[in-house]
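# Observations on the model geometry
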Amino acid sequence: MDSRPTETLTVEELQQLDDDHDTRRHERAQWVLNSPDPPGVFHDLIGSVREVVLPHGHTTAKQTTSGRAISFLQGLFPIFSWGRNYRVSKFKNDLMAGLTLASLSIPQSIGYANLAKLDPQYGLYTSVIPPLIYALMGSSREIAIGPVAVVSMLLSSMIQKIEDPATDPAAYRNIVFTVTFFAGIFQAVFGLFRLGFLVDFLSHAAIVGFMGGAAIVIGLQQLKGLLGISHFTTKTDVVSVLESVFTSIDLPWCPLNFVLGCSFLIFLLIARFIGRRNKKLFWFPAIAPLISVILSTLIVFLTKADKHGVKIVKHIKGGLNPSSVHELQFKGPHVGQAAKFGLISAIVALTEAIAVGRSFASIKGYHLDGNKEMVAMGFMNIAGSMTSCYVATGSFSRTAVNFSAGCESVISNIVMAITVFLSLELFTRLLYYTPIAILASIILSALPGLINIHEAYYIWKVDKLDFLACIGAFFGVLFASVEIGLLVAVTISFAKILLNAIRPGIEELGRLPRTDTYCDINQYPMAIKTPGILIVRVNSAPLCFANANFIRERITRWVIEEEDKSKESTKGRIQVVILDLSNVTNVDTAGILALEELHKKLLSHETELAIANPRWQVIHKLKLAKFADRIGRGSIFITVGEAVAASISTKLTSLNNC
């Protein structure tokens with residue numbers, strides 16, 4: 001027999017032990033009920049702005065006025081913070097990276113300006129002022145700022161619906177600058193008020209589909225330059241573009257454009273292949289576009305191919321960016337549309353820039369603040385709209401080159417901007433004979449990086465609804481328009497969020513054996529249900545008008561089903577429903593009303609309601625609505641485990657009294 005001594009407790013000692021547990025449990029419940037009031041909406045709003053413009057989100061009371069001013073400037077202009085520690089040894093790497101970046105940026109900027117239906121110099125202007133502003137305000141070390149293919153195509157596809165660049169280029173240009181101004185305003189507001197979640201409605205899956213569709217549309221549009229077609233459709237959908245190409249085949253066209261463009265396109269693709277196979281030769285695909293421009297320009301100049309049908313760039317206006325403040329249009333019939341186009345451009349540009357910046361920041365091991373990036377992008381485009389630039393953002397291909405070239409900071413952007421400016425001052429006349437077909441081949445060579453088939457397949461495997469957003473954006477851009485593609489993607493993404501909000505996951509919990517942890521009984525079949533107690537967890541951030549009735553009806557149905565089962569078996573009925581609100585971050589009046597109705601319904605079934613682990617905003621609103629008093633302050637607990645223990649203790653007490 002086991003001779004080990006055992007401790008025996010008297011009834012009085014057991015009663016005392018239970019009382020101690022009840023006292024401690026009551027004390028912890030008071031922590032929940034007596035928590036301080038959460039900050040208000042305006043406090044959060046002011047705090048959001050402060051976090052963006054100040055390095056640590058606030059200043060201490062001991063700081064002097066000058067100290068606060070310095071903190072403000074360092075928050076708004078990060079270059080004042082890291083610039084103090086910048087060493088000359090880093091400048092060598094930034095200089096080489098900036099020069100390599102400029103060799104790629106100059107031909108691409110000319111090509112993207114052509115894609116945006118603007119004169120070539122406007123692409124070069126966009127590679128001067130915006131990178132300089134970003135260098136002062138941005139926090140990414142690797143991102144390369146300038147015009148990009150998708151935004152250029154987006155602007156031309158939208159704006160030429162209200163103003164034809166061929167018949168009135170000045171009016172078209174004025175709207176482009178106005179759209180750029182609005183895009184900058186929206187971007188800055190998103191950052192200052194921490195509204196980055198609006199950009200997140202364009203999900204990763206939607207961006208993959210959108211980029212893929214846009215790449216194909218951009219590629220098809222380059223057939224105009226590659227074939228030397230004079231009359232081409234202004235629509236962007238694939239059917240209209242192909243129809244325009246096949247219609248133009250019957251018209252006279254010069255095969256020299258096609259031969260010249262395809263020859264250098266093959267050269268550019270080979271250079272790209274070599275650069276990807278051998279990382280040490282990263283510089284080769286970076287300077288290949290510039291080599292193509294120089295060689296093709298020399299060929300046309302020496303052979304006088306422009307006299308034989310080869311289309312050339314002709315005059316490019318040189319010099320520093322002229323002011324375009326007087327060209328911004330805030331009156332007239334197109335202001336509303338310009339604001340709408342600015343919002344669309346702002347979201348697309350931000351999505352691409354932040355995705356590019358964060359991907360390279362993660363490689364280098366530092367954090368990129370998305371809201372500060374939005375502010376930097378916003379002020380950059382506002383300044384750009386006043387200096388003859390159109391919407392600029394971060395380019396993935398140029399950022400990859402900048403990273404591979406060993407850049408240390410945004411100084412590489414400054415070097416690139418100065419180099420482009422010098423080219424505007426000194427070399428624009430040399431580009432007179434640059435063939436249009438070469439610009440088309442440069443754009444075409446950059447498009448494979450926008451089509452990510454592997455990522456689309458990964459999205460299909462992981463989440464079918466995400467893939468629906470991806471494919472919706474792809475076909476929307478391809479067969480309708482850029483705006484329709486974006487609208488389809490955002491609609492599907494929003495519908496997914498709405499579906500999860502309206503029909504949130506509601507789990508029945510059980511205790512895992514030999515633990516105090518309560519988990520979903522479907523996920524963990526070994527979890528033990530407590531007799532007479534139904535524990536329910538709501539997996540929805542807001543308990544609101546969209547889902548409150550669904551949650552109430554689901555819990556009520558569970559209780560009724562359990563009652564029916566108890567009549568057919570020896571199992572007892574449900575006496576307590578414990579609502580675990582640990583995942584609910586907020587509740588509105590409809591949510592509180594649904595809880596009150598649930599409480600009344602449960603009382604009619606002689607069932608009590610208890611709440612476990614309500615969040616700060618939730619318990620605050622429950623107290624304001626007097627709901628905590630209606631169910632009894634003793635029915636609110638800090639954990640599910642304590643709610644269960646209290647319910648069991650109450651049941652035992654009632655049995656003893658009987």
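Above this text is the structure in question.
Nothing here was measured: the structure is a model prediction, and the numbers come from that model.

The subject of this paragraph is the packing of helix α16 (residues 335-364) against helix α18 (residues 396-404). With their axes 10 Å apart at the nearest point, α16 and α18 run at an angle of 20° to one another. With respect to their mutual orientation, α16 and α18 come out roughly parallel. Here α16 and α18 pass one another in a crossing that is right-handed. When α16 is examined against α18, the residues Glu-352, Val-356, Ser-359, Phe-360, Ile-363 and Lys-364 are found in contact with a partner set consisting of Phe-396, Thr-399, Ala-400 and Phe-403.

By secondary structure assignment, the location of Ala-489 is in helix α23 (residues 482-502). Look at Ala-489 and you get buried, because its relative accessible area is 1%. Separated by 78 residues in the primary sequence, Ala-489 and Ile-411 have C-alpha atoms spaced 36 Å apart.

Even without glycine at this site, Ser-388 takes up a positive phi of about 65°. Along the chain, the position of Ser-388 falls in the loop between α17 (370-385) and β2 (393-395). The backbone of Lys-626 sits at a positive phi, close to 65°, despite the residue not being glycine. Structurally, Lys-626 is set in the loop between α26 (616-624) and α27 (627-631). With a relative accessible area of 49%, Lys-626 lands in the partly exposed category.

Here we take up the pattern of salt bridges. Taken as a whole, this structure holds 11 salt bridges when the rule is applied. One salt bridge connects Glu-483 with Lys-161, and the closest N-O pair in it is separated by 2.9 Å. Taken together, the residues Glu-483 in helix α23 and Lys-161 in the loop between α8 (149-159) and α9 (169-192) connect sequence positions 322 residues apart. Across the pair Arg-552 and Glu-597 runs a salt bridge whose closest N-O atoms are separated by 3.1 Å.

Another point: the layout of surface pockets. Remark: the empty space left among the atoms is shown by a probe the size of a water molecule rolled over them. Looking at the second largest pocket, its volume works out to about 960 Å³. Surrounding the second largest pocket, 29 residues form its lining, Asn-114, Lys-117, Leu-118, Lys-224 and Ile-436 being those nearest its centre. Breaking the lining of the second largest pocket down by element, the ones donating at least two residues are α5 (88-115), α9, α12 (223-227) and α20 (436-446). Top element by residues in the lining of the second largest pocket is α9. It accounts for three residues. Among the residues forming the lining of the second largest pocket, the class breakdown is 13 nonpolar, nine polar and seven charged.

Cut-off values and rules
Residues numbered from 1 in each chain as written. Predicted model: local features only at pLDDT ≥ 70, side-chain atom pairs only at ≥ 80, totals over all residues. Heavy atoms only, no water. Axes fitted to C-alpha atoms, helices over the stretch in contact; angles between N-to-C directions. Helix = DSSP H or I, 4+ residues; strand = E, 2+ residues; numbered from the N terminus. Parallel < 35°, antiparallel > 145°, perpendicular 65-115°, else oblique. Left-handed = near helix turned anticlockwise from the far one by under 90°. Contact = heavy atoms within 4.5 Å. Buried < 20%, exposed > 50% of the residue type's maximum accessible area, 1.4 Å probe, protein only. Salt bridge = Lys/Arg side-chain N within 4 Å of Asp/Glu carboxyl O. 1 Å grid on protein atoms, 1.4 Å probe; cavity = no way out; pocket = protein on both sides within 12 Å on 5 of 7 lines; lining within 4 Å. Points joined across faces, edges and corners; volume = space filled by probe spheres on them. Nonpolar A, V, L, I, M, F, W, Y, C, P; charged D, E, K, R; others polar.

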